[in-house]
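An overview of the molecular structure
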Amino acid sequence: MRLLILGGTAFVGRAILDDALARGWDVTVFNRGKNELPTGVRALHGDRTAEGGLAALEHGEWDIAVDTWSAAPRAVRDTTRLLADRVGRYAYVSTCSVYAYPTPVDGGEDAPLVTGASPDDGGVEYALAKRGAEIAVEQAFGDRHVLARPGLILGPRENIGRLPYWLNRIARGGPVLAPSPRDLPVQYIDARDLAAWTLDAAEAGLTGGYNVIGPTGHATLGEILDLCVRVTGSDAELRWTDPERILAAGIEPWVEMPIWLPAGEDYDHIHRRDVRRALATGLRVRPVEETVADTWDWLRSGGRLVPAVSGRSLAGLPPEKEAAVLAG
């Protein structure tokens, strides 16, 4: 299978690259050439935001292309138009953020989508950028496309810092501020499971959008943090604290207290998706123990926490804020 990956060196893109190589596929990667690639991968370089930046893609044919682009939709528009006659199927890694807010509880792929998105847009907010890119893919490839819509993504090489925050903070030991309730169900996907499903779906000829996330409650927040204590060998003490007290301290859920959202519309939007369609097509969700342990192994082996977007801070709570709440 001849695969073209647009990206391929960061979090999800690298998981797709590794999975494709494990399958024995012939892999070409198109990116700006800033990071080293494994042996045997063909590299094409260009900048999708620059005039003439797609020149390296003007020749070549591939069975599948996978795209993880998250910025201006017009970059996906230009790429798909260029490749439409030379790529068999196009898989775009989108996001569940393309659904209109607030999302119906346990909403599936038939939930309303954001409005106002266009494939011709430049810099727009995340949900509109991803939806605009989806439209570009649909227009260029017709029924030869599949849209993977993950929510929270965890696993090795995570470049947002959510699970790495908890692992590094718990590894330091001592009292750790943790948001109640500990049995709060969370919904996420390991980047490697997302990668495997995306390649399987493209190869199988699936069409349209799929919520590619594990089922709600595949793990609870308490299970994840307990596993962080276990794999780090830490003496940390999790101090489970009422959400009202955390919010009153000015702590921002999701950003400063990663993964966690208090009950309400934000929680439902992230952690309450219907994923039966993806599961029915073969989505496999590995045990949470594996995700946590492998992420810790990656951090200990020198994994670098580089923000996904230049200039954006990694997720996590400043120590002084945590200390103030713990001190009462």
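Scroll up a little and you will see the structure.
I will try to describe carefully the structure that is included in this document.

1. Some points on the overall build of the protein chain
Helices and strands together make up the secondary structure of the protein chain, namely 11 helices and 13 strands. Over its C-alpha trace the protein chain gives a radius of gyration of 20 Å, about what one expects of a compact globule, namely 20 Å for 328 residues. On the principal axes, the C-alpha backbone points of the protein chain span a range of 60 × 40 × 35 Å. In the protein chain, which comprises 328 residues, the proportion classed as buried is 54%. Contacts spanning at least 24 positions in sequence make up 77% of the contacts within the protein chain whose residues lie at least 6 apart.

2. Looking at the environment of Gly108
Mapped onto the elements of the fold, Gly108 is located in the loop between strand E5 (87–93) and helix H3 (126–141). Exposure remark for Gly108: the relative accessible area of 7% places this residue in the buried category. Excluding residues within four positions of it along the chain, Gly108 makes contact with Tyr99, Asn211 and Asp274.

3. Remarks on the packing of helix H6 (residues 221–232) against helix H10 (residues 288–300)
Put simply, H6 and H10 touch, their axes get as near as 10 Å, and they point 45° apart. With respect to H10, the axis of H6 lies oblique. Pair H6 / H10 crosses with right-handed handedness. Where H6 abuts H10, its residues Ile224, Leu227, Cys228, Val231 and Thr232 lie against Val288, Glu289, Val292, Ala293 and Trp296. Across the contact of H6 with H10, the residue classes tally to 8 nonpolar, 1 polar and 1 charged.

4. Description of the packing of aromatic side chains
A full pass over the atoms with the stated rule returns 3 aromatic pairs. Measuring from centroid to centroid gives 5.1 Å for Tyr165 and Trp166, while their planes differ by 70°, and the two rings are edge-to-face. In this pair, the class of Tyr165 matches that of Trp166, namely buried. Taking 5.2 Å as the distance between ring centres and 55° as the angle between the ring planes, the aromatic pair formed by Trp197 and Tyr210 counts as tilted. In this pair, Trp197 sits in helix H5 (residues 191–204) while Tyr210 sits in strand E11 (residues 208–211), placing the two residues 13 residues apart along the sequence. In terms of burial, Trp197 and Tyr210 fall into one category: buried.

5. Remarks on the packing of helix H4 (residues 162–171) against H10
Look at H4 against H10: their axes get within 10 Å of each other, and the N-to-C directions meet at 70°. Between H4 and H10, the angle falls in the class roughly perpendicular. Residues Leu163, Pro164, Leu167, Asn168 and Ala171 of H4 form the contact with H10, whose participating residues are Thr291, Val292, Thr295, Trp296 and Leu299. Taken together, the residues of the contact of H4 with H10 break down into 7 nonpolar, 3 polar and no charged.

6. Looking at the pattern of salt bridges
Scanning all chains against the criterion turns up 25 salt bridges. Where Glu203 meets Arg23, a salt bridge forms, and the shortest distance between an N and an O atom there is 3.9 Å. Linking Glu203 in helix H5 with Arg23 in the loop between helix H1 (11–22) and strand E2 (26–31), this pair joins segments that are 180 residues apart in sequence. Overall, the relative accessible area of 29% leaves Arg23 in the partly exposed class. With a closest N to O distance of 3.0 Å, Glu256 and Lys321 form a salt bridge. Here Lys321 lies in helix H11 (residues 319–326) and Glu256 lies in the loop between helix H7 (243–248) and helix H8 (265–271), a separation of 65 residues in the sequence. By relative accessible area, which is 26% here, Lys321 ends up partly exposed. Overlapping salt bridges, with partners in common, bring together Asp190, Arg192, Asp193, Arg286, Glu290 and Asp294 in one network.

The rules behind each value
Residues numbered from 1 in each chain as written. Predicted model: local features only at pLDDT ≥ 70, side-chain atom pairs only at ≥ 80, totals over all residues. Heavy atoms only, no water. Helix = DSSP H or I, 4+ residues; strand = E, 2+ residues; numbered from the N terminus. Rg over C-alpha atoms; globule rule 2.2 N^0.38 Å. Buried < 20%, exposed > 50% of the residue type's maximum accessible area, 1.4 Å probe, protein only. Contact = heavy atoms within 4.5 Å. Axes fitted to C-alpha atoms, helices over the stretch in contact; angles between N-to-C directions. Parallel < 35°, antiparallel > 145°, perpendicular 65-115°, else oblique. Left-handed = near helix turned anticlockwise from the far one by under 90°. Nonpolar A, V, L, I, M, F, W, Y, C, P; charged D, E, K, R; others polar. Phe/Tyr/Trp six-rings, centres within 6.5 Å; stacked < 30°, edge-to-face > 60°. Salt bridge = Lys/Arg side-chain N within 4 Å of Asp/Glu carboxyl O.

None of this, on its own, says anything about what the molecule does.
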